[in-house]
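Notes for the structure review
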Amino acid sequence: MVMEMRRIGSLEVTVVGIGCNNFGGRVDQAGTTAVVDAALGAGINFFDTADIYGGTKSEEFLGKALGKRRAEVVIASKFGMEVGPGKKGARPDYLRRALDDSLRRLGTDRIDLYQQHQWDPEVPIAETLGALNEAVQAGKVREIGCSNFSVAQLREVHAAAVPGAARFVSVQNEYSLLHREPEKEVLAECGRLKLAFIPFYPLAAGLLTGKYRKGRPAPEGSRLAGGRYASRMGDGTLDTVESLRTFAAARGCSLLELAVTWLATRPAVASVIAGATKPEQAKANAAAVGAKFTTSELAEIGRIAAGEV
């Protein structure tokens, strides 16, 4: 399958990628390899992980699953959240150790997109940018970005950037039809600063996959069956999901296709990194971006999701 390519700085990525947060947790090594194989077979080249995912196992499992195919893909990872006692933050000395640890787990000599996972109020961003630039100059990292940053923080990063040095090329925040926060300011700022936007939880923790229905219990073992995501299944949200499902069905497509295609049309979005725990999910995500909607239909989808119709 030939998929549309978009840019994150100098990197070329497929418009649909794989979010690897399930690897090492809900998905073991064999399952990770099966998902990765399916994704590659479906034309996906972008895999987004983090040192904290799966208790550091996500990077390890992804690296083993790719093996000799490493050169065929773009790997994004992240640092900064706590992976163990004293192992967190954005201080240069810690960043260097975290990067080397991630490279070792991934079994590679470079990370294509290395992202600061969250803002560190204790460390001047200029210091972090300096250490990241060193990593780029050393060839350990190709591009740098951030995640969970606000507009004010993005502006502070921009102001601290040194001419000629590596600077952030992307921001990764939560964004889906059911979580529209980036539309308030962040997407516009991405346009102004020429940052690629990478939406995480693009399927709203599974609510937009089509497997959750109002009046029915969440499928056993699913993310929304319990734990911290269960609160997302309120009646109002499920009503919205049903309205979106009806709209999609009337146009001959699935809720998944509607959700992925709508997101791919948003300004600055580079790649829709949906998670997958099974090979068929990776294939479905890759195919979902093929749905066709008119400009007016896309606008109506947005209004339905916002509860305006």
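Details of the structure are given in the entry above.
So, how was this worked out
- Residues numbered from 1 in each chain as written.
- Predicted model: local features only at pLDDT ≥ 70, side-chain atom pairs only at ≥ 80, totals over all residues.
- Heavy atoms only, no water.
- Helix = DSSP H or I, 4+ residues; strand = E, 2+ residues; numbered from the N terminus.
- Rg over C-alpha atoms; globule rule 2.2 N^0.38 Å.
- Buried < 20%, exposed > 50% of the residue type's maximum accessible area, 1.4 Å probe, protein only.
- Contact = heavy atoms within 4.5 Å.
- Lys, Arg positive; Asp, Glu negative; His and termini not counted.
- Charge placed at Lys NZ, Arg CZ, Asp CG, Glu CD.
- Phe/Tyr/Trp six-rings, centres within 6.5 Å; stacked < 30°, edge-to-face > 60°.
- Pairing = 2+ DSSP bridges.
- Axes fitted to C-alpha atoms, helices over the stretch in contact; angles between N-to-C directions.
- Right-handed = clockwise from strand over helix to strand, strands pointing away.

Moving on, we get to the overall build of the protein. Across its full length, the protein holds 10 helices and 10 strands. Here the C-alpha radius of gyration of the protein, 19 Å, is about what a compact globule of 309 residues would show, namely 19 Å. Each principal axis of the C-alpha distribution contributes one length, and for the protein these read about 55 × 40 × 40 Å. A burial count over the protein gives 54% of its 309 residues as buried. Long-range pairs, those at least 24 residues apart, make up 78% of the contacts in the protein with a sequence separation of at least 6. In the protein, which carries 39 positive and 35 negative side-chain charges, the distance between the mean positions of the two groups comes to 2 Å.

To continue, consider the environment of threonine 246. Within the secondary structure layout, threonine 246 lies in helix α7 (residues 235-250). Expressed as a C-alpha distance, the spacing of threonine 246 and alanine 274, which sit 28 residues apart in the sequence, is 22 Å.

A few words now on the side chain of threonine 240. As for its position among the elements, threonine 240 is in helix α7. Under the relative-accessibility criterion, threonine 240 is labelled buried at 16%. In this structure, threonine 240 is in contact with Leu178, Ile304 and Ala305, ignoring residues within four places of it in sequence.

It is worth spelling out the packing of aromatic side chains at this point. With the rule as written, the count across this model stands at six aromatic pairs. With a centroid separation of 6.1 Å and an interplanar angle of 70°, the aromatic rings of phenylalanine 149 and phenylalanine 168 are classed as edge-to-face. With a gap of 19 residues between them, phenylalanine 149 in the loop between β7 (141-147) and α5 (151-160) and phenylalanine 168 in strand β8 (residues 168-174) connect regions that are remote in the sequence. Neither phenylalanine 149 nor phenylalanine 168 differs from the other in exposure class; each is buried. Arranged with centres 5.8 Å apart and planes meeting at 90°, the rings of tyrosine 175 and phenylalanine 197 form a pair that is edge-to-face. Here tyrosine 175, found in the loop between β8 and α6 (186-193), pairs with phenylalanine 197, found in strand β9 (residues 196-200); they are 22 residues apart in sequence, far enough to count as distant. Note on accessibility: tyrosine 175 and phenylalanine 197 belong to one class, buried.

Examined against the element boundaries, arginine 167 turns out to sit in the loop between α5 and β8. For arginine 167, a relative accessible area of 34% corresponds to the partly exposed category. Remark: the alpha-carbon pair of arginine 167 and leucine 129, spanning 38 residues in sequence, is separated by 7.2 Å. Apart from residues lying up to four places away in sequence, arginine 167 is in contact with Ile144, His158, Ala161 and Val162.

Turning to the sheet that holds β9, a few remarks are in order. The strand order across the open sheet formed by eight strands is β9-β8-β7-β6-β5-β4-β3-β10, and the pairing between neighbours is parallel. Since the sheet does not close on itself, it has two edges, and those belong to β9 and β10 (272-275), each with one partner. Averaged over neighbouring strand pairs, the angle between their axes works out to 30° when direction is ignored. As paired strands, strand β6 (residues 111-116) and β7 are joined by five bridges and run parallel to one another. Looking at the pairing, glutamine 116 lines up with cysteine 146 of β7.

On to the pairing of β8, then. With seven of its seven residues buried, β8 lies for the most part within the structure. Pairing geometry for β7 and β8, over three bridges, is parallel. Bridging from a neighbouring strand, cysteine 146 pairs with valine 171 of β8. Handedness of the crossover is the feature at issue here: the chain leaves β7, passes through α5, returns alongside β8, and the resulting connection is right-handed. This β-α-β element, β8 to α6 to β9, shows right-handed connectivity.

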